[in-house]
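Residues per chain are reported as follows:
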Amino acid sequence: MIKDLKNRFLQVAFLGMILVVVLATILHEDTVQFLYVWNLISISILMGIIFGIVYPYLWNYSTLKVTTKIALSTFLNFFCSIGSVYLFSAKALIFVKPYLLLVLVITLIGHIIGFYFYSKYENKKIANSLNKALEN
């Protein structure tokens with residue numbers, strides 16, 4: 001489990017860094033201050049923690065109730081998203097501040113829908129493995 005989570009963190013953080021650098025290249029001036037690079041690295045670390053460690057742990061290894069998993073993943077995703085927007089640009093955070101409650105609600109709905117499809121997928125996978133075991 002630890003090795004799997006470590007590998008997922010590194011993969012997501014690296015891909016997140018590429019994504020954030022591409023966004024910064026498109027949205028910022030030609031020159032970027034050196035300290036801003038640390039902001040980009042921080043965003044990729046946040047992405048790695050959420051999508052590489054927290055989500056796989058919650059949905060694959062933890063034994064928490066479904067409502068707790070959805071609530072935890074929603075709030076962690078929401079607050080890390082706000083932190084990422086702030087690290088990327090304080091002006092962007094000011095721009096999205098009036099819509100934060102809407103973003104929270106959409107994030108919650110997305111996690112509920114995502115869990116529905118994830119549980120259907122997992123149930124099919126378990127049913128297929130049980131059917132194969134019965135065939136043997």
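Data block above holds the structure.
Residues numbered from 1 in each chain as written. Predicted model: local features only at pLDDT ≥ 70, side-chain atom pairs only at ≥ 80, totals over all residues. Heavy atoms only, no water.

### With respect to the overall build of the protein chain
Each helix and strand counted, the protein chain has five helices and zero strands in total. Expected size for 136 residues packed as a compact globule is a radius of gyration near 14 Å; at 18 Å, the protein chain overshoots this value by more than 25%. Taken along its principal axes, the extent of the C-alpha atoms in the protein chain is 65 × 30 × 25 Å. Carbon and sulfur atoms make up 72% of the accessible area of the protein chain, which totals about 9800 Å². Positive and negative side-chain charges in the protein chain, numbering 11 and 5 respectively, have mean positions lying 10 Å apart. (Helix = DSSP H or I, 4+ residues; strand = E, 2+ residues; numbered from the N terminus. Rg over C-alpha atoms; globule rule 2.2 N^0.38 Å. Areas by Shrake-Rupley, 256 points an atom, 1.4 Å probe, with all protein chains shown as cover. Lys, Arg positive; Asp, Glu negative; His and termini not counted. Charge placed at Lys NZ, Arg CZ, Asp CG, Glu CD.)

### Brief notes about the packing of helix H1 (residues 2-27) against helix H2 (residues 34-61)
Angle between the axes and distance between the axes: these two values describe a pair of packed helices. At a minimum axis distance of 7 Å, the contact between H1 and H2 shows a crossing angle of 140 degrees. In terms of their interaxial angle, H1 and H2 are classed as oblique. Where H1 crosses over H2, the handedness of that crossing is right-handed. Among the residues making up the contact of H1 with H2, the classes are represented as 21 nonpolar, five polar and two charged. (Axes fitted to C-alpha atoms, helices over the stretch in contact; angles between N-to-C directions. Parallel < 35°, antiparallel > 145°, perpendicular 65-115°, else oblique. Left-handed = near helix turned anticlockwise from the far one by under 90°. Nonpolar A, V, L, I, M, F, W, Y, C, P; charged D, E, K, R; others polar.)

### A look at the packing of H2 against helix H3 (residues 66-88)
In contact at an axis separation of 9 Å, H2 and H3 are set at 170 degrees when each is read in the N-to-C sense. By the criterion of interaxial angle, the relationship of H2 to H3 is roughly antiparallel. Residue-level contacts link Tyr 36, Asn 39, Leu 40, Ser 42, Ile 43, Leu 46, Ile 50, Phe 51, Val 54, Tyr 55, Leu 58 and Trp 59 of H2 to Lys 69, Ile 70, Leu 72, Ser 73, Leu 76, Asn 77, Cys 80, Gly 83, Ser 84, Leu 87 and Phe 88 of H3. Tallied by class, residues from the contact of H2 with H3 come to 16 nonpolar, six polar and one charged. (Contact = heavy atoms within 4.5 Å.)

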